[in-house]
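One-letter residues, chain by chain:
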Amino acid sequence: MIRIFRFLVPLLFFAITLPILSCAQAASASADKPFVVEYYYKAKWGHADEFLKLFKKNHYPVLKKEMEMGRITKVWMDQPRYHTTEDGRWDFRVTIIFKNATVANEPFDEAALQKQMYPDQETFQREEQRRFEILDGHWDLPVKVVELEK
């Protein structure tokens, strides 16, 4: 009985700790990988140009500042070349590559950055409100790379 106990205790220990260590290693490995999020914007008909103007004026400079700070490694905007069905329509897709998933999901005081960059907060808040008023839809989609060669 003691022999079995001496054999089972270490076996049980490894059976419990090995998956935990594997998960911890995988988490630390993915913590250094870039984290990609796509932000989709669907403007009300006739308001896409206004949305783009406000985005470039008020939000894109904030994103560029976050790139300078190292939170974001790259940001760009895409627009469909042709139209789609109304239910699948989007006008702009902003792709942001964050340094890693931790940085993307940790609390960040964007409002403080906006106050620093835009001293006229009344105008800034009014224009940002307008930017979202003219949207029919907005959604965020974190994406991951699928390794096809593995």
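Residues numbered from 1 in each chain as written. Predicted model: local features only at pLDDT ≥ 70, side-chain atom pairs only at ≥ 80, totals over all residues. Heavy atoms only, no water.

Undergrad: Mind showing me how you'd approach the packing of helix 2 (residues 48–69) against helix 4 (residues 110–117) here?
TA: At their nearest, the axes of helix 2 and helix 4 sit 11 Å apart, and the two run at 110° to each other. Taken together, helix 2 and helix 4 sit at an angle that is classed as roughly perpendicular. Taken as a pair, helix 2 and helix 4 cross one another with a handedness that is right-handed. Between helix 2 and helix 4, the residues in contact are His59, Pro61, Val62, Lys65, Glu66 and Met69 and Glu110, Leu113, Gln114 and Met117, respectively. Classifying every residue of the contact of helix 2 with helix 4 gives five nonpolar, two polar and three charged. (Axes fitted to C-alpha atoms, helices over the stretch in contact; angles between N-to-C directions. Helix = DSSP H or I, 4+ residues; strand = E, 2+ residues; numbered from the N terminus. Parallel < 35°, antiparallel > 145°, perpendicular 65-115°, else oblique. Left-handed = near helix turned anticlockwise from the far one by under 90°. Contact = heavy atoms within 4.5 Å. Nonpolar A, V, L, I, M, F, W, Y, C, P; charged D, E, K, R; others polar.)

Undergrad: Where do I start with the side chain of Arg89 in this structure?
TA: Relative to the elements of secondary structure, Arg89 occurs in the loop between strand 2 (72–78) and strand 3 (92–98). A residue is classified by how much of its surface remains accessible, and Arg89, at 6% relative accessible area, is buried. For Arg89, the side chain forms a polar contact with the side chain of Asp91, separated by 2.6 Å. Not counting the four nearest positions on each side in its chain, Arg89 is found in contact with Lys42, Ala43, Trp45, Thr84, Asp136 and Trp139. (Buried < 20%, exposed > 50% of the residue type's maximum accessible area, 1.4 Å probe, protein only. Polar contact = N/O pair within 3.5 Å; in protein donor to acceptor, adjacent residues only side chain to side chain.)

Undergrad: Looking at this model, I keep getting lost on the packing of helix 2 against helix 5 (residues 121–133). Mind explaining?
TA: Axis angle and axis distance: for two packed helices, these are the angle between their axes and the distance between the axes, and together they describe the pair. Helix 5 packs onto helix 2 with a crossing angle of 140° between their chain directions and a minimal axis gap of 9 Å. Considering the angle they form, helix 2 stands oblique to helix 5. The handedness of the crossing between helix 2 and helix 5 comes out as left-handed. Listed contacts from helix 5 to Glu50, Phe51, Leu54, Phe55, Lys57, Asn58 and His59 of helix 2 are Phe124, Glu127, Glu128, Arg130 and Arg131. Among the residues forming the contact of helix 2 with helix 5, the class breakdown is four nonpolar, two polar and six charged.

Undergrad: Where do I start with the packing of aromatic side chains in this structure?
TA: Here the distance between the centres and the angle between the planes together describe a pair of aromatic rings. One pass over the structure, following the stated rule, counts seven aromatic pairs. A centroid spacing of 5.6 Å and a plane angle of 25° characterise the contact between Phe51 and Phe92, whose relative ring orientation is stacked. Here Phe51, found in helix 2, pairs with Phe92, found in strand 3; they are 41 residues apart in sequence, far enough to count as distant. The pair Phe51 / Phe92 is uniform in exposure class, with both members buried. Joined through ring pairs, the aromatic side chains of Tyr41, Phe51, Phe55 and Phe92 make up one cluster. The aromatic ring of Phe108 is capped on one face by Arg71, whose charged end is 4.0 Å from the ring centroid. The residue whose ring lies beneath Lys74 is Trp76, and the NZ or CZ to ring-centre distance is 5.1 Å. (Phe/Tyr/Trp six-rings, centres within 6.5 Å; stacked < 30°, edge-to-face > 60°. Lys NZ or Arg CZ within 6 Å of the ring centre and 35° of its normal.)

Distances and angles like these do not, on their own, reveal function.
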